[in-house]
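Structural overview for review
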Amino acid sequence: MLVHGDTIKLLRIPFSFFLMPLFLFAYSQAETVVHHEALFAFLIIHLLVYPASNGYNSYVDRDEESIGGLEKPPMPTIQLFYVTIFLDLAATFLALVFVNTLFAGCLLLYILASRAYSARQIRLKKYPFIGFLTVVVFQGAFTYYMSIAGISGHALEMSTGNIFVLLGCSFQIAGAYPLTQIYQHRQDLKDGVISLSYKLGYRGTFLFTAAMFLLCNVFYYLYFTSRGLGMIFYIVQVFFIPIVGWFGYWFYLVWKDTSAANFRNTMRMNLIAAVCMNSCFIVLIIINRNPLSYISAIETAVPDHSYSQEALTAFYTQSTDDITYKRKIRIVAGKTGIERRYSVIGDFEKEPEDYTFFNKTASLLPEPSLTQRMQLYQEHATSLSRKAIEKIKDFDTLKNTLTHLITVTCTGLFAPGLDVELMRELRLNPAIQRSSVNFMGCNAAIIALKNADAICKSQPGSKVLVVCTELCTIHFQKQYNDDYLLSNLLFGDGAAAVLVTSKPGDTYLHEVKIDSFNSLVLHNGYSDMAWRLSETGFIMNLTSYVPDLIRKNIKPMLNAIGLNPEDYKHWAVHPGGKRIIDDFALALELDKCFLAPTYNVLKNYGNMSSPTVLFVLKEVLEKTKPENRGNRIFAAAFGPGLSIETMQLQYV
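Residues numbered from 1 in each chain as written. Predicted model: local features only at pLDDT ≥ 70, side-chain atom pairs only at ≥ 80, totals over all residues. Heavy atoms only, no water.

1. A closer look at the overall build of the chain
Within the chain, the secondary structure is distributed over 22 helices and 13 strands. At 34 Å, the chain has a C-alpha radius of gyration far larger than the 26 Å of a compact globule built from 652 residues. If you line up the chain on its principal axes, its C-alpha atoms span 110 × 45 × 40 Å. Per-residue burial for the chain yields a buried fraction of 58% across its 652 residues. Long-range contacts, defined here as pairs at least 24 residues apart, represent 78% of the contacts in the chain between residues at least 6 apart. Carbon together with sulfur atoms contributes 59% to the accessible area of the chain, which is approximately 27,800 Å² in total. Of the charged side chains in the chain, 56 are positive and 53 negative; the average position of the first set lies 8 Å away from that of the second. (Helix = DSSP H or I, 4+ residues; strand = E, 2+ residues; numbered from the N terminus. Rg over C-alpha atoms; globule rule 2.2 N^0.38 Å. Buried < 20%, exposed > 50% of the residue type's maximum accessible area, 1.4 Å probe, protein only. Contact = heavy atoms within 4.5 Å. Areas by Shrake-Rupley, 256 points an atom, 1.4 Å probe, with all protein chains shown as cover. Lys, Arg positive; Asp, Glu negative; His and termini not counted. Charge placed at Lys NZ, Arg CZ, Asp CG, Glu CD.)

Now the structure itself:
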């Protein structure tokens, strides 16, 4: 056998199990994980570096009594020294080749500190306070920092939250370390070592440990709450209960009889602590590596031109001399529930001779061509989108961390598209991943959010910017059939920007987690809501049967997917029209007060197509109250086909 059994025994490889918690903790908290580097870092630390440190300490100390992990240690030989040197060299080489230089540099510093702690020439361990601080810093904060370097491939950012976690790690070791010395007082004194535990005494050691763990918990609390993860702190506390229980019982035994401060009780304390803490951090890994998605911000914008519904109705009636049409326009306008709408067009309150978009005649003939309408769209869509996006808190800083951009529109198209224009004007990362949801109508925002949700749940660390921009009024048509009486009197212009992230934000009182999505296409409504191109713009089919179709199908849809309306306290429903909202409430037997945000958005903006449901959701989220934690939110929008898209969210 090349390596003697006693040498292997003195490496105390199983003892690495007791030293695993901080690496697992770092793995659970790392923003990014380079999996192959993380695996090598774990193996290098626990199978090479820690055993080498244990072996070197045994070689120098030549312990005759119990040491950590060995009740009856054998005497070391020179072979143990050579093996520890080999393990250290192998660890450094493997770290350079298979992990990264930062990790390798940290590893080298850790090895040097470990040697300085034990080596006879320096022997930091014989000084109670310097030795204690060396262990606390290098086995605490430095080990966490080193682990992050190995797991993520880059240095830990020295933010306030991360400083809290580094302090928490050090105080965790500060509490555990004196307990590991409590049974070694006699052996240490023989070797000229005065440990901190000896200075504190048996009872003092327990009291000191309790104080250090209290400080550890304080800094862990500050860390988790600074990241908006207060619930995780309480999960950690559950796992600490057995540790506190045994610690208290052992303290009671030692208080009665100091002989209870022995090797076996110490190892029992180590085992309970290691099992509980390793289990705790494995649970945190499962939680954090099974990413969720959150609505971190919603901001909205409308054009500068604001019109009362009366002014827009007057503009429409002036375009025809037919008394019947004029009467119909006024009747429909009075039933819309709309008081104000916005448009990029400045003509709606001007005299015909001052029109800049429509033909300078009261009859509006000839109507603007599709080319003219698309030119107006291209002129205004990007600026209106930017207006919404730049309202997002700290966007100038945030934009450099965006990973995906999804643009949504159905009222205009050009290439390079809105996504490229926004990348250029906002100076986004040219490598940002982009996609577009085009020509899918009023429910396209939920479809885009469904894509953002999938991205965040499959790619931890993702930050997805969803931008919905619609200029519906550029498609005003000089038509008087029932479809266009509705569409000309319902639609307005607007934009919404949503930040969807795999980590919760702090914009709202409670974090807003995306739960699930559901879809339903009603083929019997295929022709009742449609959208097609023509030489004079986009032509809308919007019949009066749409509310009936939604009313008859929304309840069966929810029943089919097992959703009970009574489980939802908050509703963000797309205001496709007043009758649609009324019939939606009727179908689900909802008090209309639940749909107040929907009625408000319809009243103040009209139907803006895809961004409208986001205007509603923004109002819902901004009215959150402390007692709403845990409440569920239901969002729904309706589009061509006829299609229904729903989204379920929760305050957490």
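2. Some points on helix α17 (residues 444-458)
Look at α17: 21 Å from first C-alpha to last across 15 residues, which is about the 21 Å you get at 1.5 Å a residue. Those residues of α17 that fall on the buried side of the exposure criterion are A444, A445, I446, I447, A448, L449, A452, D453, I455 and C456. (Expected span 1.5 Å × (residues − 1).)

3. Re the environment of M269
Note that M269 resides in helix α11 (residues 263-288). Overall, M269 belongs to the buried group, its relative accessible area being 7%. Placed 208 residues apart in sequence, M269 and Q477 show a C-alpha to C-alpha distance of 79 Å. If near-sequence neighbours (up to four positions away) are discounted, M269 is found in contact with L179, I243, W246, F247 and W250.

4. Examining the confidence of the model for the chain
Averaged over every residue, the pLDDT of the chain is 90; the share at 70 or more is 97%. Between the elements of the chain, mean pLDDT differs from a low of 65, seen in strand β9 (residues 529-534), to a high of 98, seen in strand β3 (residues 340-343). (pLDDT = per-residue confidence, 0-100.)

5. As for the environment of L376
Along the chain, the position of L376 falls in helix α14 (residues 370-389). Given a relative accessible area of 11%, L376 falls into the buried group. Separated by 292 residues in sequence, L376 and T84 place their C-alpha atoms 74 Å apart.

6. Notes on the side chain of K326
Position of K326 among the secondary structure elements: in helix α13 (residues 323-334). In this structure, K326 is buried with no salt-bridge partner, the nearest side chain bearing the opposite charge being D321 at 5.3 Å. Setting aside residues up to four positions removed in sequence, K326 forms contacts with T317, Q318, T320 and D321. (Salt bridge = Lys/Arg side-chain N within 4 Å of Asp/Glu carboxyl O.)

7. With respect to the packing of aromatic side chains
The full count for this structure, using the stated rule, is 49 aromatic pairs. Ring geometry for W571 versus F584: centroids 6.1 Å apart, planes at 70 degrees, classification edge-to-face. Taken together, the residues W571 in strand β11 (residues 570-573) and F584 in helix α20 (residues 578-588) connect sequence positions 13 residues apart. With 6.2 Å between their ring centres and 55 degrees between their planes, F584 and F638 make a pair best called tilted. You can see F584 sitting in helix α20 and its partner F638 sitting in strand β12 (residues 632-639), a full 54 residues away along the chain. Each residue in the set Y307, F315, Y316, Y325, F348, Y355, F357, F358, F476 and Y480 is aromatic and connected to the rest through ring pairs, giving one cluster. For the cation-ring pair, R62 lies above Y59, with the distance from its terminal atom to the ring centre recorded as 6.0 Å. Over the aromatic face of Y56 sits the side chain of R115, whose NZ or CZ is 4.7 Å from the ring centroid. (Phe/Tyr/Trp six-rings, centres within 6.5 Å; stacked < 30°, edge-to-face > 60°. Lys NZ or Arg CZ within 6 Å of the ring centre and 35° of its normal.)

8. Here we look at the environment of S643
As for its placement among the helices and strands, S643 is situated in strand β13 (residues 643-651). Its relative accessible area of 8% is what places S643 among the buried residues. Separated by 120 residues in the primary sequence, S643 and H523 place their C-alpha atoms 8.3 Å from one another. With residues near it in sequence (within four places) discarded, S643 still touches N443, L520, V521, A637 and F638. A distance of 2.8 Å separates the side chain of S643 from the side chain of N443, its partner in a polar contact. Side-chain polar atoms of S643 contact the backbone oxygen of P640, separated by 3.1 Å. (Polar contact = N/O pair within 3.5 Å; in protein donor to acceptor, adjacent residues only side chain to side chain.)

9. So, the nonpolar core
Counting residues in each nonpolar core, the largest one holds 85 residues, and the members touching the most others are F25, I44, F103, L107, Y144, Y220 and F224. Discounting residues that sit within four places of it in the chain, L107 has contacts with I44, I45, V49, A91, T92, A95 and M146. By size, the runner-up hydrophobic cluster in this structure holds 47 residues, among which are A301, Y307, Y355 and Y377. (Core = buried A, V, L, I, M, F, W, Y, C linked by side-chain atoms within 4.5 Å.)

10. A closer look at the pairing of strand β7 (residues 493-501)
In terms of burial, β7 is largely enclosed, as 9 of its 9 residues are buried. Examined bridge by bridge, strand β1 (residues 294-301) and β7 share 7 bridges and lie antiparallel to one another. The residue of β7 that forms the bridge with I295 is V500. Looking at chain direction, strand β6 (residues 463-471) and β7 are connected through 9 bridges and run antiparallel. When the sheet's bridge partners are listed, L471 is paired in β7 with D493. (Pairing = 2+ DSSP bridges.)

11. Thoughts on the packing of helix α3 (residues 35-61) against helix α5 (residues 101-118)
Two numbers describe a pair of packed helices, the interaxial angle and the distance between the axes. The geometry of α3 relative to α5 is characterised by a closest axis approach of 9 Å and an angle of 15 degrees between their N-to-C directions. By the angle class used here, α3 and α5 are roughly parallel. Like other packed secondary-structure pairs, α3 and α5 cross with a definite hand, here right-handed. For the pair α3 and α5, the contacting residues are A41, I44, I45, V49, Y50, A52, S53, Y56, N57 and V60 in the first and F103, L107, Y110, I111, S114, R115 and S118 in the second. Across the contact of α3 with α5, the residue classes break down as 12 nonpolar, 4 polar and 1 charged. (Axes fitted to C-alpha atoms, helices over the stretch in contact; angles between N-to-C directions. Parallel < 35°, antiparallel > 145°, perpendicular 65-115°, else oblique. Left-handed = near helix turned anticlockwise from the far one by under 90°. Nonpolar A, V, L, I, M, F, W, Y, C, P; charged D, E, K, R; others polar.)

12. Some words on the packing of α14 against helix α16 (residues 418-426)
Contact geometry of α14 with α16 gives a least axis separation of 10 Å together with a crossing angle of 55 degrees. Here α14 lies oblique to α16, going by the angle between them. You can see that α14 and α16 cross each other, and the crossing is right-handed. For the pair α14 and α16, contact is made by Y377, A381, T382, S385, R386 and I389 and by L418, E421, L422, E425 and L426, respectively. Partitioning the contact of α14 with α16 into residue classes produces 6 nonpolar, 2 polar and 3 charged.

13. Some details on helix α19 (residues 546-560)
Across its 15 residues, α19 extends 21 Å between first and last C-alpha, which sits within 8% of the 21 Å expected from 1.5 Å per residue. The largest bend along α19 measures about 30 degrees and falls at N553, with the proline P556 one to four residues further on. A positive backbone phi angle near 75 degrees is found at G562, which sits one or two residues after α19. (Bend = angle between axes of the 7 residues up to and from the residue.)

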